[in-house]
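Residue-level structural notes
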Amino acid sequence: MKSHIRKIFGYLVSTLAAIGFTIVVVPTALVVLATPGLERRRRVAGMAARMSLRAGGNRLKVSGLEQLPDDRPCVVVANHASYLDGIVLQGALPPNFSFVIKREMERVPLVNFLLIRLGSQYVDRSDRRKGGRDALRILRLAKSGQALGFFPEGTFDEEPGLKRFHLGAFTAAARHKLPICPILIKGTRSILPADAWLPKPGRIEVQILDCLDPPENHDQASVKALRDQARETILTHHVEPDLLLSQTLSNV
């Protein structure tokens, strides 16, 4: 009986959180779509992200903003555990970042249009040729001095832990001498897990960690070393396991 009551209560709380989230997101999305100027749209989106999280009962704490360089662009890389992560970074970071997102989001009509209006960049990881074209476009953005945001794991699932990092973010940073700023996101997996539709109230933390200088060279070995250093920086502060280590041990 008590377990049924807890389930019903949890469902009601999640439903109220989703309603509060939607009440803020939908009208704000329309405002973003109509607002001229990319930086203005990103500022509106950032404010909306913070309001929507608050309306859903989620407290957002951001630390380490002073780590981001204010005199040049950078590349931020964050762990990925939930569909909330993009909204969280939109609300946590300054409005000068273009986020690199998997191309599957292009299939969601309103979200797709909104992401394009915010200057987001798609990357295709299922097709090597398309993925190569996407990578070249992103490299041109980095060359032009655009700050970029990546989820280098590429995706997430129900299993907690940090996955393998793809090289794209680190190639862009190394080739164009941009610092890499690792970011740790905590709390989003439990608030909106991969198998859930309704978010729960909770606490979200965004920690911007010490930025890493780009290597002198942009050869494959240097790019991989930068990737591994950024991943290790996130793991040092992470409470979830290293899935690469788990895989290695399971194969022994």
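Each remark here, short or long, concerns the structure printed above.
Residues numbered from 1 in each chain as written. Predicted model: local features only at pLDDT ≥ 70, side-chain atom pairs only at ≥ 80, totals over all residues. Heavy atoms only, no water.

1. So, the layout of surface pockets
As a volume, the second largest pocket reaches approximately 450 Å³. Tallying contributions element by element places helix H5 (residues 128-143) first for the lining of the second largest pocket, with 7 residues. By residue class, the composition of the lining of the second largest pocket is 11 nonpolar, 5 polar and 4 charged. (1 Å grid on protein atoms, 1.4 Å probe; cavity = no way out; pocket = protein on both sides within 12 Å on 5 of 7 lines; lining within 4 Å. Points joined across faces, edges and corners; volume = space filled by probe spheres on them. Helix = DSSP H or I, 4+ residues; strand = E, 2+ residues; numbered from the N terminus. Nonpolar A, V, L, I, M, F, W, Y, C, P; charged D, E, K, R; others polar.)

2. Topic: the packing of aromatic side chains
Applying the stated criterion across every chain, the model contains 2 aromatic pairs. With a centroid separation of 4.9 Å and an interplanar angle of 80°, the aromatic rings of tyrosine 83 and phenylalanine 156 are classed as edge-to-face. With tyrosine 83 in the loop between strand E2 (75-78) and helix H3 (84-92) and phenylalanine 156 in the loop between strand E5 (147-150) and helix H6 (168-175), the pair connects residues that are 73 residues apart, well separated along the chain. Overall, phenylalanine 156 belongs to the buried group, its relative accessible area being 11%. Considering the side-chain rings of phenylalanine 165 and phenylalanine 170, the 6.2 Å spacing of their centres and the 15° angle between planes classify their relative orientation as stacked. Across from the ring centre of phenylalanine 165, 5.9 Å away, lies the NZ or CZ of arginine 231, which sits over that ring. (Phe/Tyr/Trp six-rings, centres within 6.5 Å; stacked < 30°, edge-to-face > 60°. Buried < 20%, exposed > 50% of the residue type's maximum accessible area, 1.4 Å probe, protein only. Lys NZ or Arg CZ within 6 Å of the ring centre and 35° of its normal.)

3. A few points about the state of the cysteines
The final tally for this structure, using the stated rule, is 1 disulfide. A sulfur-sulfur separation of 2.0 Å characterises the disulfide bridge that pairs cysteine 181 with cysteine 211. Its S-S torsion of about 100° marks the bond between cysteine 181 and cysteine 211 as right-handed, since a negative value means left-handed. Taken together, the residues cysteine 181 in strand E6 (residues 180-186) and cysteine 211 in the loop between strand E7 (202-208) and helix H8 (220-237) connect sequence positions 30 residues apart. (Disulfide = S-S within 2.5 Å.)

4. Brief notes about the pattern of salt bridges
Evaluation of the coordinates by the stated rule reveals 9 salt bridges. A salt bridge links glutamate 240 to arginine 189; the shortest N-O distance between them is 2.8 Å. With glutamate 240 in the loop between H8 and helix H9 (243-251) and arginine 189 in helix H7 (residues 188-191), this pair connects stretches of sequence that are 51 residues apart. This pair shows no difference in class: glutamate 240 is buried, exactly as arginine 189 is. A salt bridge links glutamate 205 to arginine 203; its shortest N-O distance comes to 3.6 Å. (Salt bridge = Lys/Arg side-chain N within 4 Å of Asp/Glu carboxyl O.)

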